[in-house]
Amino acid sequence: MTEILLVEDAHDLARVIRRELEAEGYRVLWAADGAEGLQMFRSYQPDLVILDWMLPKLDGLAVLREIRSDSPVPVLMLTARTEEADRVIGLEVGADDYLTKPFGMRELIARVRALLRRLKRVEDILRQDRSYHASALTYGPIRLDPEAHRASLEDDDLALTRTEFDLLQLLLRNPGRAFSRPYLLETVWDQAYVPGDRSVDNAMMRLRKKLGDWADAIETVWGVGYRLRREP
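Residues numbered from 1 in each chain as written. Predicted model: local features only at pLDDT ≥ 70, side-chain atom pairs only at ≥ 80, totals over all residues. Heavy atoms only, no water.

Caption draft 1: Region of the structure containing the packing of helix α7 (residues 181–189) against helix α8 (residues 199–211). Taken N-terminus to C-terminus, the directions of α7 and α8 make an angle of 80°; their axes are 9 Å apart at the nearest point. As far as their axial angle goes, α8 and α7 are roughly perpendicular. Contacts between α7 and α8 pair Arg181, Leu184, Leu185 and Trp189 from the former with Ser199, Val200, Asp201, Ala203 and Met204 from the latter. (Axes fitted to C-alpha atoms, helices over the stretch in contact; angles between N-to-C directions. Helix = DSSP H or I, 4+ residues; strand = E, 2+ residues; numbered from the N terminus. Parallel < 35°, antiparallel > 145°, perpendicular 65-115°, else oblique. Contact = heavy atoms within 4.5 Å.)

Caption draft 2: View of the nonpolar core. Counting 28 residues, the largest nonpolar core has Leu168, Leu172, Leu184, Met204, Leu207 and Ile218 as its most contacted members. Mapped onto this core, the elements with two or more residues apiece are β6 (137–139), β7 (142–145), β8 (150–153), α6 (162–173), α7, α8 and β12 (225–228). Looking at which element gives the most residues to this core, the answer is α6, with six residues. Apart from residues lying up to four places away in sequence, Leu172 is in contact with Leu137, Tyr139, Ile142, Leu144 and Leu228. (Core = buried A, V, L, I, M, F, W, Y, C linked by side-chain atoms within 4.5 Å. Buried < 20%, exposed > 50% of the residue type's maximum accessible area, 1.4 Å probe, protein only.)

Caption draft 3: Expanded view of the pairing of strand β1 (residues 3–7). Counting buried positions over the five residues of β1 gives five, a clear majority of the element. Where burial is concerned, the two faces of β1 agree: the one with Glu3, Leu5 and Val7 and the one with Ile4 and Leu6 are both buried. Bridging between β1 and strand β2 (residues 27–31) involves five bridges; their strand directions are parallel. Note that in β2 the partner of Leu5 across the bridge is Leu29. Read as a crossover between parallel neighbours, the route from β1 over helix α1 (residues 11–23) to β2 is right-handed. Sheet topology places β1 next to strand β3 (residues 48–52); four bridges connect them, and they run parallel. Residue pairing in the sheet places Leu5 in a bridge with Val49 of β3. (Pairing = 2+ DSSP bridges. Right-handed = clockwise from strand over helix to strand, strands pointing away.)

Next up, the structure:
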């Protein structure tokens, strides 16, 4: 059963939201303040968080920052603030969607469903990208054989680490596709991205160095991450 954490200090509103979501088949956990909400999030690791902006003990933005420090879980923020600047702040901190009070329950449920559908699509893509493929891959003089766990350039073995091998394999399977740093970290390292983490950049730098004259085949997509040039 999909588990949703609701962090809302208005008891009457929380009661209605919880009732409507449970009627849709979701399991709903409820916290009445930010500190309790953060504690429950860490204990239960829910599939989605509905988070009020104005909360006692710890406000919604502070809770969101803590959540985003180690989790990509979808977060829907509830707020009475109508200023565009306020919404932008929340989105920049890491909110996935916004609902301004007052709102209808049908709209809330529709937004919850949309966020969960998006999450499922991302999980499906991750599952596919992490899945094992036996067929060999070639790109110009670069050859990668997953079965033998061997990568070569001009028939000379590339001494790649496991991480470098997995990165190269993902790029070779998806020429022209841009991968963000958070996505690469989650797919290859199997961990959530923390702003400022240089693991992906450092690994790409080492991989490019080992590719020698073919280093430029891996392109930096400024503000996003990396991609393999579509054509060798």
